[in-house]
Amino acid sequence: MTVGFIGLGAMGAPMAERVVKAGFRTFTTFHKRREAADALAALGATVVDSPAEVARLADAIITILPADAELEEVTLGKGSLAEGFSPGKILIDMTTATASTLLEIEGALAPRGVRILDAPVSGGTTGAAAGTLTIMAGGDSALLEECRPLLESMGRVIHVGGVGQGKVVKIVNQMMAAVHLLAIGEAFALGIRSGADPHTLYSVIKESSGYSKMMDLRLPGFLLEGSFKPGFKLDLMKKDVNLALASARGQNVPLLLTSVAGSVFSAASAAGKGSDDFSAAAAFLAGLAGVEIA
Ligand code: NAD
């Protein structure tokens, strides 16, 4: 199987590197900046001029783009994958986007014989580099088996249902991650203001009922050090929370905690923190109380 890889960002670049190093012949292209594509070429990938060209050359094309708009542009827009696809080709979309957008894309491409796998990921840039991502796969079982060796070069695959269900599971994860992160910011603000040491709070709560994995993911290296180099950009988490809110409106599900989380991420973004790691939102929330977690 030959592979196309589009979206060489914080996640895509290390994921594509694993694919190339696993021995898959890989084609890529670039958007605005060439550096990431050139770095992949140095490992053996071939850089071509457009997504359409990638779709002509590769059997299975992976996309991992910021969100719905970019995914639509790359799959269906001018010079897009759609222009290069022929029957039997595979689109594996790993973007955190909405199920409805992916289903629309499937509606446009499936009648032309393109097969679609939904495969968003969790595990961050560290998991991307180590090949330990959790891959939430939605789609046909036989197609998933065909793609399994490729996907397993990037992480552990869990089949969660049909096309779109990967997106659903990923958005639920993001809602929980966002709320857990902000809970740390708010609770630590009170603890620190009341005299507790943040390292003590971490080590005790790690063994107690208030623990969440988010503490391990975003206290050391980020909140405890006051260092917010992404990682996962705050504006991308804001986007994920908004995807959850939009999908909940369509389904008539009230999201009280997620609504507040969305407002905090919007306020932190408006305060200039959109390109920082998303953990900056917890520091921003603690900052409303005049407390520094670091
Ligand atoms: P990023 O902004 O670092 O990378 C996005 C990449 O897409 C960039 O290289 C950009 O050049 C490229 N791109 C944008 N528009 C394009 C277009 N029209 N054509 C071709 N390329 C285009 O984002 P990221 O952190 O790598 O995240 C990518 C996706 O993965 C997002 O949906 C995000 O929510 C999700 N995600 C991120 C993390 C994380 O920790 N960073 C973890 C899990 C999931």
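All of these numbers come straight from a predicted model, not from anything done at the bench.

**Focus: the environment of Val291**
Along the polypeptide, Val291 turns up in the segment after helix H14 (280-288). Contacts of Val291, omitting those with residues within four sequence positions, involve Ala189, Ile192, Arg193 and Ala286.

**Description of the site of the ligand**
Around the ligand, the structure places 25 residues, and the nearest of them are Ala10, Met11, Pro66, Lys233 and Lys239. In this structure, Glu73 approaches the ligand through a side-chain N or O atom, which is 3.3 Å from a nitrogen atom. Within the contact set of the ligand, an oxygen atom lies 3.0 Å away from a side-chain nitrogen or oxygen of Lys239. Contact with the protein chains removes 87% of the 830 Å² of surface that the ligand exposes when unbound. Looking at the shell around the ligand, the elements with two or more residues in it are helix H4 (68-76), helix H7 (124-130) and helix H12 (234-251). Class assignment of the residues belonging to the shell around the ligand gives a composition of eleven nonpolar, eight polar and six charged. The residue makeup of the shell around the ligand includes at least three contributed by each of domain 1 (3-162) and domain 2 (168-287).

**Some points on the side chain of Thr28**
Of note, Thr28 is situated in strand E2 (residues 26-28). Of the polar contacts made by the side chain of Thr28, one reaches the backbone oxygen of Phe5; its length is 2.6 Å.

**Some thoughts on the nonpolar core**
Residues Leu181, Leu182, Phe188, Leu219 and Phe265 are the most contacted members of the largest nonpolar core, which totals 38 residues. The set of elements that each furnish at least two residues to this core consists of helix H9 (165-193), helix H10 (198-205), helix H11 (213-223), H12, helix H13 (256-273) and H14. A total of ten residues in this core trace back to one element, the largest contributor, which is H9. Setting aside anything within four residues of it in sequence, one finds Phe265 in contact with Ala178, Leu181, Leu182, Leu234, Met237, Lys238, Val241, Phe278 and Ala281. Ranked by size, the runner-up nonpolar core spans 32 residues in total, among them Phe24, Ile64, Ile135 and Leu144.

**Section: the packing of aromatic side chains**
Enumeration over the complete set of coordinates arrives at one aromatic pair. Taking 5.5 Å as the distance between ring centres and 65° as the angle between the ring planes, the aromatic pair formed by Phe232 and Phe278 counts as edge-to-face. Residue Phe232 is found in the loop between H11 and H12, and its partner Phe278 is found in the loop between H13 and H14; the two are separated by 46 residues along the sequence. Here the basic side chain of Arg218 rests over the ring of Phe222, its NZ or CZ set 4.2 Å away from the ring centre.

**Overview of H12**
The terminal C-alpha atoms of H12 lie 26 Å apart, and with 18 residues this matches the ideal 26 Å at 1.5 Å per residue to within 8%. For H12, the complete set of buried residues consists of Leu234, Met237, Lys239, Asp240, Val241, Leu243, Ala244, Leu245 and Ala248. The elements touched by buried residues of H12 are H4, H9, H13 and H14.

**Some remarks on the domain arrangement of the chain**
Segmentation of the chain into domains returns domain 1 (3-162) and domain 2 (168-287). Placing a centre on the C-alpha atoms of domain 1 and another on those of domain 2 gives a separation of 28 Å. For the pairing of domain 1 and domain 2, the buried interface totals around 840 Å² over both sides, and the portion due to carbon and sulfur atoms is 71%. Where domain 1 packs against domain 2, one counts zero salt bridges. For the interface between domain 1 and domain 2, the tally reads three residue pairs in polar contact (both at pLDDT 80 or more). Residue composition of the side of domain 1 that touches domain 2, grouped by class: nine nonpolar, four polar and one charged.

**Describing the pairing of strand E5 (residues 90-93)**
What you see with E5 is no split at all: Ile90 and Ile92 on one side and Leu91 and Asp93 on the other are buried throughout. Here four bridges tie E5 to strand E6 (residues 115-118), and the two strands are oriented parallel to one another. Across the sheet, Ile92 pairs through a bridge with Leu117, a residue of E6. Assessed by its sense of winding, the connection that carries the chain from E5 through helix H6 (residues 99-109) to E6 is right-handed.

**Some points on the pattern of salt bridges**
Pairing between side chains of opposite charge can happen when their charged atoms approach one another. A complete count under the given rule lists 13 salt bridges for this structure. One salt bridge in this structure joins Glu152 and Arg148, with 3.2 Å as the shortest N-O distance. Remark: Arg148 and Glu152 occur in helix H8 (residues 141-152); sequence separation between them is four residues, near one turn of the helix. What makes Glu152 partly exposed here is its relative accessible area of 45%. Arg148 gets classed as partly exposed once you look at its relative accessible area, which sits at 23%. Between Lys239 and Asp240 there is a salt bridge, with the nearest N and O atoms lying 2.8 Å from each other. The two residues Lys239 and Asp240 agree in class, both being buried. Three or more residues are tied together by salt bridges with common partners; here these are Asp93, Asp118 and Lys167.

Conventions adopted
- Per chain, residues are indexed from 1 in the order of the written sequence.
- Local features in this predicted model are restricted to residues whose pLDDT is 70 or higher, and side-chain atom pairs enter the listing and the counts only when it is 80 or higher, whereas totals over whole chains, interfaces and linings include all residues.
- Note that water and hydrogens are dropped before the side-chain values are worked out from all heavy atoms of the structure.
- Runs of H or I in DSSP of at least four residues are treated as helices and runs of E of at least two as strands, each being numbered from the N terminus.
- Contacts were defined at the residue level, with two residues in contact if any of their heavy atoms lie within 4.5 Å.
- The criterion for a residue being near a molecule or strand is simple. One of its heavy atoms has to lie within 4 Å of it.
- Each polar contact in these results corresponds to two N or O atoms within 3.5 Å; when the atoms are within protein, one needs to be able to donate a hydrogen and the other to accept it, and residues that are neighboring in sequence are counted only if both atoms are side-chain atoms.
- Residue exposure ignores everything except the shown protein chains as possible cover, and the areas themselves are Shrake-Rupley values with a 1.4 Å probe.
- Asp, Glu, Lys and Arg are counted as charged, while Ala, Val, Leu, Ile, Met, Phe, Trp, Tyr, Cys and Pro are counted as nonpolar; the rest, among them Gly, fall into the polar class.
- A domain assignment, automatic or from a database, supplies the domain bounds used here.
- Nonpolar cores are built from buried Ala, Val, Leu, Ile, Met, Phe, Trp, Tyr and Cys residues. Side-chain atoms within 4.5 Å join them into one set.
- Summary of the burial criterion: residues with accessible area below 20% of their type's maximum are buried, those above 50% are exposed, and those between are partly exposed, where the area comes from a 1.4 Å probe applied to protein chains only.
- Here the aromatic set is Phe, Tyr and Trp, taking the six-membered ring for Trp, and pairing holds for ring centres within 6.5 Å; pairs whose planes are under 30 degrees apart are stacked, those over 60 apart are edge-to-face, and all others are tilted.
- Think of it as a cone above the ring: NZ of Lys or CZ of Arg counts as a charge over the ring if it is within 6 Å of the ring centre and within 35 degrees of the ring normal.
- Helix span is expected to be 1.5 Å times the residue number reduced by one.
- Computed with a 1.4 Å rolling probe, the buried area is the accessible surface lost when two parts are put together, summed over both parts.
- Should a side-chain nitrogen of Lys or Arg be within 4 Å of a carboxyl oxygen of Asp or Glu, the pair is scored as a salt bridge.
- We call two strands paired when DSSP finds no fewer than two bridges between them.
- By convention, orient the strands away from the viewer: a clockwise path from the first strand over the helix to the second makes the crossover right-handed.

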